[in-house]
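Below are the chains, spelled out letter by letter.
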Amino acid sequence: MNTLQTENLKEGMYFTDKVFLDKTFQLLDPSVPISKDLLKELEAWNFKQVITNGNSANAAPMDSNEEEAAEEVLVEQKTDESENFLEDLLKNPEKMEGKTDEEKLEISRNVYKEYTGWILKVFTHFSTHTQLDKDDISTKIKNLCFFMKDNSKYFLRITNENYQFTKIYLVYHSMRTIVISLVIGLQLRMPLSKLIELGITALLHEIGMIRIPPQIYLTDRILNKKEKKQLSTHPLLSCQILQIADFPLSIQNGVLEHHERENGSGYPRGLTGEKISLFGKIVAIACVYDGLISNRSFKEGLTSHEAVIELLRNDSKQFDPTIIKALIYSLSLYPIGTYVYMANGKTALVNDINPADFKCPFVEILGETDENGKPLIVQTNESDLKISRVLTAKEVEETIKPKTSDNEANSN
């Protein structure tokens, strides 16, 4: 990959290969010219670099008619069906029928990618126009609630994989917080209307960060005392933004209170216990869980299993035990996507939760199939199918490497 400084990008420039903000987030398709709006958005978000395997070239100058035509093409690109993948899926449920677990996982990846891109657009539009489209946000979150009701396990697996720090950490953090918050809400059997409000709270809980200097909220270094104090104003800033945009009071309160703690040690108001809203309690735990598993330059993220143990300890009684219990029963003690070593010497991948026992999830025994040739899925227990431990990062790398190598060989 070639690294390019954004200050050297010019309107009309295009590249012969895809352009990325980081290793996972695509910015431009090949041969699509850079626009004025894109340059403004990169500047507003303080992005300093982009990466690509392609070579750059300058598009020929366009007259006014060609510029109008180009703008129309860009509008069409912004509304292509890849940005409405989930909406199309919900209108045509047969597209999920009869699919294997791997196929459903891939479909869920497409939904996850669509929503990550959408969150970036929500934040960027607010950054450049100070506007939030309530109807679009409500519709998108409603659709996500419908999808996650039956497909949470795939989203949890994807979320477990996406914990690296990037320059758009705020976007990925918001997406993961939505997912964790909604699985807690589903576990608590919230009605759809409340799930939608919870999802919106999780989406916008950090929107106030955009009003803080980007060198503070986008940095991957440890902040000093003054910077931490400035960063701690973001719940109030987020709430003020939602007040102006006329979001429901329940969402405003949830956003304002996601850093409050049961024992009164939180901020901005030092609330305790029942004085903290339900949305605030849920988003608080989802937010902390994501923070625990996220890798930063100054700390290595915990495994999802270690993060669950940390929350179960609930040191100083910071979190509502009811919400912690809902989280654990949603994720299990060994969250979906965790590689584990079994007491019988076999290696497995946690495939699904066990509603009857959060300590004994369902696992896929690696390298084994059932009588139909499908991956062998078994329910763990406390005896012959007991989980001994979680694999280390190095062991996981060695476990999945052969599969990666095989795929690469087949594609050549």
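From a predicted model like this one, the values you see are computed outputs, not experimental measurements. (Residues numbered from 1 in each chain as written. Predicted model: local features only at pLDDT ≥ 70, side-chain atom pairs only at ≥ 80, totals over all residues. Heavy atoms only, no water.)

## Let's talk about the overall build of the protein
Right, so step 1: Scanning the protein from N- to C-terminus turns up 15 helices and 11 strands.
Right, so step 2: Burial status across the protein gives 45% buried among its 412 residues.
Right, so step 3: Partitioning the contacts of the protein with sequence separation of at least 6, the portion at a separation of at least 24 is 63%.
Right, so step 4: Within the structure as shown, the protein displays about 21400 Å² of accessible surface, and the carbon and sulfur contribution to it stands at 50%. (Helix = DSSP H or I, 4+ residues; strand = E, 2+ residues; numbered from the N terminus. Buried < 20%, exposed > 50% of the residue type's maximum accessible area, 1.4 Å probe, protein only. Contact = heavy atoms within 4.5 Å. Areas by Shrake-Rupley, 256 points an atom, 1.4 Å probe, with all protein chains shown as cover.)

## A look at the packing of helix H5 (residues 134-161) against helix H7 (residues 192-204)
Right, so step 1: One can describe the packing of H5 onto H7 by two numbers: an axis separation of 9 Å at closest approach and a directional angle of 115°. Here H7 runs roughly perpendicular to H5, going by the angle between their axes. In the packing of H5 onto H7, the handedness of the crossing is right-handed. On H7, the residues touching Ile137, Ser138, Ile141, Lys142, Cys145 and Phe146 of H5 are Leu192, Leu195, Ile196, Gly199, Ile200, Leu203 and Leu204.
Right, so step 2: Residue composition of the contact of H5 with H7, by class: 10 nonpolar, 2 polar and 1 charged. (Axes fitted to C-alpha atoms, helices over the stretch in contact; angles between N-to-C directions. Parallel < 35°, antiparallel > 145°, perpendicular 65-115°, else oblique. Left-handed = near helix turned anticlockwise from the far one by under 90°. Nonpolar A, V, L, I, M, F, W, Y, C, P; charged D, E, K, R; others polar.)

## So, the nonpolar core
For soluble globular proteins, nonpolar side chains are generally found buried alongside one another.
Right, so step 1: With 100 residues, the main nonpolar core has Phe123, Leu132, Ile137, Phe155 and Leu204 as its most contacted residues.
Right, so step 2: When residues in this core are grouped by element, the largest group, 11 residues, is from helix H4 (residues 101-129).
Right, so step 3: Residues contacting Leu204, with those up to four places away along its chain left out, are Phe123, Leu132, Ile137, Ser238, Leu242, Phe247 and Val255. (Core = buried A, V, L, I, M, F, W, Y, C linked by side-chain atoms within 4.5 Å.)

## Thoughts on the packing of aromatic side chains
Right, so step 1: All chains considered together, the criterion is met by 4 aromatic pairs.
Right, so step 2: Taking the centre distance of 5.5 Å and the plane angle of 70° together, the rings of Tyr112 and Phe155 count as edge-to-face. Note that Tyr112 is positioned in helix H4 and Phe155 in helix H5, a separation of 43 residues in sequence. Residues Tyr112 and Phe155 agree in their burial class; the two are buried.
Right, so step 3: Between Phe147 and Phe155 the ring centres are 5.7 Å apart and the planes differ by 55°, which places this aromatic pair in the tilted class. In this pair, the class of Phe147 matches that of Phe155, namely buried.
Right, so step 4: Here a set of aromatic residues connected by ring pairs shows up, and it is made of Tyr112, Phe147 and Phe155. (Phe/Tyr/Trp six-rings, centres within 6.5 Å; stacked < 30°, edge-to-face > 60°.)

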